[in-house]
Amino acid sequence: MALIPILAWLGTARDARGDEKEEVATESFKRATQAYAHKDFRAAALAFEAAHQVLPAGATIYNAGLAWLAAGEDLRAARDIKDGLAMGDLDATQAADARERLATLDRRLGHVEVVGPPGSSVAIDGRDSTMLPLLTRVPPGVPQL
């Protein structure tokens, strides 16, 4: 599985505050790339996510998804790959790869759809509440009620 690091988001900040963000994101991205090269996929995924939090970019969160996939964390991989696609800034090759990987993951994961009256929201597993309808991925297994 090849990591596809994209540094397109580097160099986009224009002011001192932006420069600081860029520096923090760049350092996180470098740590992620090094961790991935050393096959420390969990550390790589967390560092890519940290870089994305500071300076969001589709390729960065997509790379986090690839790292989670390599770490065997399918649910987290699916979330980050989906988020990378949703940002709309992956190149055509990355977007096609992301869609293919997400389709493969979707065959291995369960799905839960929550519906309700207009304006309703739900919080699952302590996460922020989300407006309905909601379709989310869950790990496979026996449902616990």
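The rules behind these values
- Residues numbered from 1 in each chain as written.
- Predicted model: local features only at pLDDT ≥ 70, side-chain atom pairs only at ≥ 80, totals over all residues.
- Heavy atoms only, no water.
- Helix = DSSP H or I, 4+ residues; strand = E, 2+ residues; numbered from the N terminus.
- Buried < 20%, exposed > 50% of the residue type's maximum accessible area, 1.4 Å probe, protein only.
- Contact = heavy atoms within 4.5 Å.
- Areas by Shrake-Rupley, 256 points an atom, 1.4 Å probe, with all protein chains shown as cover.
- Axes fitted to C-alpha atoms, helices over the stretch in contact; angles between N-to-C directions.
- Left-handed = near helix turned anticlockwise from the far one by under 90°.
- Nonpolar A, V, L, I, M, F, W, Y, C, P; charged D, E, K, R; others polar.

Explanation requested: the overall build of the protein in the structure shown.
Along the backbone of the protein there are five helices and four strands. Each helix (α) and strand (β) of the protein, taken in turn from the N terminus, gives the series α-α-α-α-α-β-β-β-β. Counting every position in the protein, which comprises 145 residues, the buried fraction comes to 37%. Within the protein, residue pairs in contact and separated by at least 24 positions form 52% of the contacts whose partners lie at least 6 positions apart. Surface accessibility of the protein: about 8,800 Å² in total, with carbon and sulfur atoms responsible for 54%.

Which parts of the structure should I look at to understand the packing of helix α2 (residues 41–54) against helix α4 (residues 74–87)?
When two helices pack together, their arrangement is given by the angle between their axes and by how far apart the axes lie. At a minimum axis separation of 12 Å, α2 and α4 run at an interaxial angle of 30°. The handedness of the crossing between α2 and α4 comes out as left-handed. The segment α2 lies against α4, with R42, L46, E49 and H52 engaging R76, R79, D80 and M87. Tallied by class, residues from the contact of α2 with α4 come to two nonpolar, one polar and five charged.

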